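Tertiary structure, described
Listed below, chain by chain, are the residues.
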Amino acid sequence: MTKITVSAPGKLMLLGEHAVVYNHPCLVTAVDQRMTATVEKTHDALFRLDAPDVHISRYVKPISEIGSGNIPKGAQFVEVAVKNVYKKYHLSEGVSIETSSEFSALFGFGSSSASTVCVVKALSELFNLRLNEKDIFDLAYATVLDIQGKGSGFDIAAAVYGGTLYFVTGGQKIEKLPIQSVPLIIGYSGLKADTVTLINKVAEKAKKYPEVIQNTYEQIDKLVELAKDALIKGDWQRVGELIDINQGYLELLGVSTQKLSSMIYAARDNGAFGAKLSGAGGGDCMIALAPKDTTNSVQKAIEQAGGTIISVKPNDQGVRIET
Ligand code: PMV
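All values derive from a computational prediction rather than experimental measurement. (Residues numbered from 1 in each chain as written. Predicted model: local features only at pLDDT ≥ 70, side-chain atom pairs only at ≥ 80, totals over all residues. Heavy atoms only, no water.)

1. Thoughts on the layout of surface pockets
- By volume, the largest pocket is sized at about 1200 Å³.
- Lining the largest pocket we find 47 residues, and of these F77, S112, Q148, K192 and T195 sit closest to its centre.
- Mapped onto the lining of the largest pocket, the elements with two or more residues apiece are strand 1 (3-15), helix 1 (76-89), strand 5 (94-101), helix 2 (111-126), helix 3 (133-148), helix 4 (154-161) and helix 5 (195-208).
- Examining the composition of the lining of the largest pocket, we find that four residues originate from one element, helix 2, more than from any other. (1 Å grid on protein atoms, 1.4 Å probe; cavity = no way out; pocket = protein on both sides within 12 Å on 5 of 7 lines; lining within 4 Å. Points joined across faces, edges and corners; volume = space filled by probe spheres on them. Helix = DSSP H or I, 4+ residues; strand = E, 2+ residues; numbered from the N terminus.)

As structure tokens, then:
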């Protein structure tokens, strides 16, 4: 085989963001907006990349130089992923990669993580490396840490395993939950958030008020445990209440914004079981859990608060070979 196309899902954090960076659990679901990579072996010892979604076109570098020198932002994850796989398995052949996305990189669905996972999986197939899900997770997570220095890896796990996961920092635990669907509504705030900036902001607060913030992480941990059981039982009323409490702690950590909070209150006031921001905060998306008969009114209310409804299905399949 010399050419393969693989795809991996984006993700949405349900509960537990920020605490999950510090050895606590979170709940994350894979969404049916996917990233795709077509990877081809070549004979010229060159690394080539086309990634139009992140404005990378005809990017070329000798294989011997990948991972070093100036790497444009849009090429970082794919290039470092290739470098990590090549280094570990002593590969040196040329490779040509094209990525494309069903979703905008602006939403915070984890396009960089999903493309990293696609590339690792594709190389495993092309070079017959026989990597299992955990091997792919470890290589892709190492890539994220090489670039960002921080992060729990929850987005990588969602891209690899799919479904809805109970996940602990760095993949200490990755458990797929036996659920069919989640009655989720997603509202995009129109602002792009930078994850590392927000992690640093929370870290500053933790330095200043260590006990308060540690205690907050522990409370969020408890909410995740309770929500895990409620999700499995399909007790959406209870999951909604736990989501509302989680949002209170995210306010405490200082990562919500006026816009997100307006969208969240709009959803709650119009019949949602509960609503919170999803991910690092500072922008990106909020989620609401709502009964069927209030879906329309909740969506309208979020729009009136200035949000854009993004239609996605949760619990989607993990990384897979397309052709
Ligand atoms: O910014 P997002 O949507 O990738 O979410 C970040 C969630 C954090 O817990 C803040 C960071 C992490 O890696 O878990």
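2. A word on the pattern of salt bridges
- Going through the model one piece at a time under the given rule, you end up with eleven salt bridges.
- Here D316 makes a salt bridge to R34, at a shortest N to O gap of 2.9 Å. Residue D316 is found in the loop between strand 11 (308-310) and strand 12 (320-321), and its partner R34 is found in strand 2 (residues 25-42); the two are separated by 282 residues along the sequence. Note on accessibility: D316 and R34 belong to one class, buried. (Salt bridge = Lys/Arg side-chain N within 4 Å of Asp/Glu carboxyl O. Buried < 20%, exposed > 50% of the residue type's maximum accessible area, 1.4 Å probe, protein only.)

3. Brief notes about the site of the ligand
- Taken together, 13 residues are adjacent to the ligand, and K11, H18, G151, S152 and T195 come closest.
- In this structure, an oxygen atom belonging to the ligand sits 2.6 Å away from a side-chain N or O atom of T195.
- Coverage of the ligand by the protein amounts to 94% of the 380 Å² it exposes when considered alone.
- Looking at the shell around the ligand residue by residue, the class counts come to five nonpolar, six polar and two charged. (Near = heavy atom within 4 Å. Polar contact = N/O pair within 3.5 Å; in protein donor to acceptor, adjacent residues only side chain to side chain. Areas by Shrake-Rupley, 256 points an atom, 1.4 Å probe, with all protein chains shown as cover. Nonpolar A, V, L, I, M, F, W, Y, C, P; charged D, E, K, R; others polar.)

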